[in-house]
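These are the residues of each chain, in order.
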2 protein chains.
Amino acid sequence: MKEALQDKLKQTAELLHEKMDILLPSINKGRVGESRLSEAMRYSSLSGGKRLRPFLVVASASLFGVSRDSALQAAAAVEFIHAYSLVHDDLPALDNDDMRRGQPSCHVKFDEATAILAGDGLLTLAFEVLAHPSTHYDSNVRADLILALSEAVGAKGMIGGQMMDLISEEKELTIEEVTRLQRMKTSALFAVSCEAGAILGKAARPLRNALRGYAHDIGLAFQITDDLLDAEIGEEHPKKGERKDKSSGKGTYVSVLGVDKAKMQAKILSQQAIAHLEVFGNRADMLKELARFVVGREN
Amino acid sequence: MKEALQDKLKQTAELLHEKMDILLPSINKGRVGESRLSEAMRYSSLSGGKRLRPFLVVASASLFGVSRDSALQAAAAVEFIHAYSLVHDDLPALDNDDMRRGQPSCHVKFDEATAILAGDGLLTLAFEVLAHPSTHYDSNVRADLILALSEAVGAKGMIGGQMMDLISEEKELTIEEVTRLQRMKTSALFAVSCEAGAILGKAARPLRNALRGYAHDIGLAFQITDDLLDAEIGEEHPKKGERKDKSSGKGTYVSVLGVDKAKMQAKILSQQAIAHLEVFGNRADMLKELARFVVGREN
């Protein structure tokens, strides 16, 4: 099962890459401004990453017999949003990360102005893709996808979480605030990714909610594991420089609960996530395996 | 007629302000991150401006009997996009403007990180508003609005134009390149604002195109007039400090054609814009007056 998941992740990542390549603006060397912008958008979104969020879209959509092309198109939109959030997050005024996925981050490779605009371009492209009839023939589905995604990544979701994260560098957060921060910053996009599959498949509300609940929990588990990996750097991972230099905010479970309790919390969340999927029986085995994978990964 | 237009502009601006106030996230002092983000989003979008783009939405929608609330909601989305573009444009890495509409710009009032996130939040909010059923009962209309707007302000539109503008600071542009830059940077959002009224009213394609053509031309005329006002600062406008410190790029009609030819070009565009509206007869008198207004204004 573990190998099957790895294969499936890899296969989805490849199909996604093809799809994103088609959807991104092409590089027209004759048009100097647009060409630079397209290059930066491509550089920031096409290179690597585990593509977990797009995988959630595709795996969830497959539960409802959604066409592969529809699912990949929505998955690409989600990944454009994720890529934009990383480009803006890496900027000197925010986390000031020079490296991303083993490469210079966008503002280092290009410059700050280009990185700001490339992030804006990726965010805008996500909505353009979702609004296009080729994503789904039914405009209700398209509008619904856009509404769910914009709510998840707006001021009450991902961006609000990023703002809280910045403030947490100056201020000690309570466990409630940390939960809220992480749910907004990370889980909201996970949740809507999984929900997107259900929206595409016009799933009944309880199934849609089950998938949201599942992905919310693995999003949180994923983030805790990320923070645990950061905390363990130097002990277990001698090649310290290879991991990105994360924001040093205090808004993590690890900083508030300590390593042991945070590890336990991640495991509980993973089990809780799996419980949400009972209604799907063994058709959701891949998603269940993913819930185990996100807390067991080593990078 | 001139007074009627001024009244109508003022009235629309007031209604728009109410609508934006409702749509923007509220300030919850208990939640420190979200509260800061909401404040910055409100600060950057609620204060002043001529609200020309929202006026275009509302005036165009009124040609097709669209409800005032639908029109104002789409108009608010357009203004959120305009506000986001100004917030990001003012950042130190881009135009580095400290003042905007007579007030400190967002990154001066708050900080750079907050300004970047507030811009992201406003852009996202625009799509959230358009996707919401309260904007229009027909999801085809909502998806169509989002598609048109995202195309207009993405890499092939406004953002691409901003990128070209930055590059124009290092490179002399031809008149063709300047036209392309200004069409992308300014006219695209003008055009889609006017088109939005037609989309809301499910107007036939030729009418939709007529409104697009009209607004494209006044967008260009508006930008030329803006650049002329900048060029004339110091001669006619002694209170120099009151106008914003614009980017010193070479990508303007004034820099390429000189003051006299640029003035003539703005007038031609204004007349051309009016010609697009013949099909509407005197029902479009207000829009025709606006075409005269944008080239005659003094601030």
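Let me begin by describing the structure that accompanies this report.

Thresholds applied
- Residues numbered from 1 in each chain as written.
- Chains lettered and ligands numbered in written order.
- Predicted model: local features only at pLDDT ≥ 70, side-chain atom pairs only at ≥ 80, totals over all residues.
- Helix = DSSP H or I, 4+ residues; strand = E, 2+ residues; numbered from the N terminus.
- Buried ≥ 20, exposed ≤ 12 C-beta atoms within 10 Å, placed from the backbone.
- Contact = placed C-beta atoms within 7 Å.
- Least-squares fit on C-alpha atoms with pLDDT ≥ 70 in both.
- Nonpolar A, V, L, I, M, F, W, Y, C, P; charged D, E, K, R; others polar.

Remarks on the overall build of chain A
- The helix and strand tally for chain A stands at 13 helices and two strands.
- When its C-alpha atoms are laid out on the principal axes, chain A stretches across 55 × 45 × 35 Å.
- Residues classed as buried in chain A amount to 55% of the 299 residues present.
- For chain A, long-range pairs separated by at least 24 residues make up 72% of all intrachain contacts whose partners lie at least 6 apart in sequence.

Here we look at the relation of the copies chain A and chain B
- Once chain A has been moved 0.0 Å along the axis and rotated by 180 degrees, it coincides with chain B to within an RMSD of 0.0 Å. Taken together, these values place the two copies in the relation of a two-fold axis.
- Counting the interface residues of chain A, we find that 100% of their copies in chain B are interface residues as well, pointing to one common contact surface.

Quick notes on the interface of chain A and chain B
- With 44 residues of chain A at the interface, the matching set in chain B holds 44 residues.
- Taken together, the elements giving at least two residues each to the side of chain A that touches chain B come down to helix H2 (32–46), helix H6 (112–131), helix H7 (139–153) and helix H8 (158–167) of chain A.
- Looking at which element gives the most residues to the side of chain A that touches chain B, the answer is H6 of chain A, with 12 residues.
- Taken together, the residues of the side of chain A that touches chain B sort by class into 24 nonpolar, 12 polar and eight charged.

Thoughts on unusual backbone geometry
- Phi at asparagine 96 of chain A is positive, roughly 55 degrees, even though this residue is not glycine.
- With respect to the helices, strands and loops of the structure, asparagine 96 of chain A is situated in the loop between helix H4 (68–89) and strand E1 (99–100).
- For asparagine 96 of chain A, a count of 14 C-beta atoms within 10 Å translates into the label partly exposed.
- With phi around 60 degrees, arginine 51 of chain B is a residue other than glycine that occupies positive phi space.
- Among the secondary structure elements, arginine 51 of chain B is positioned in the loop between helix H2 (32–46) and helix H3 (52–62).

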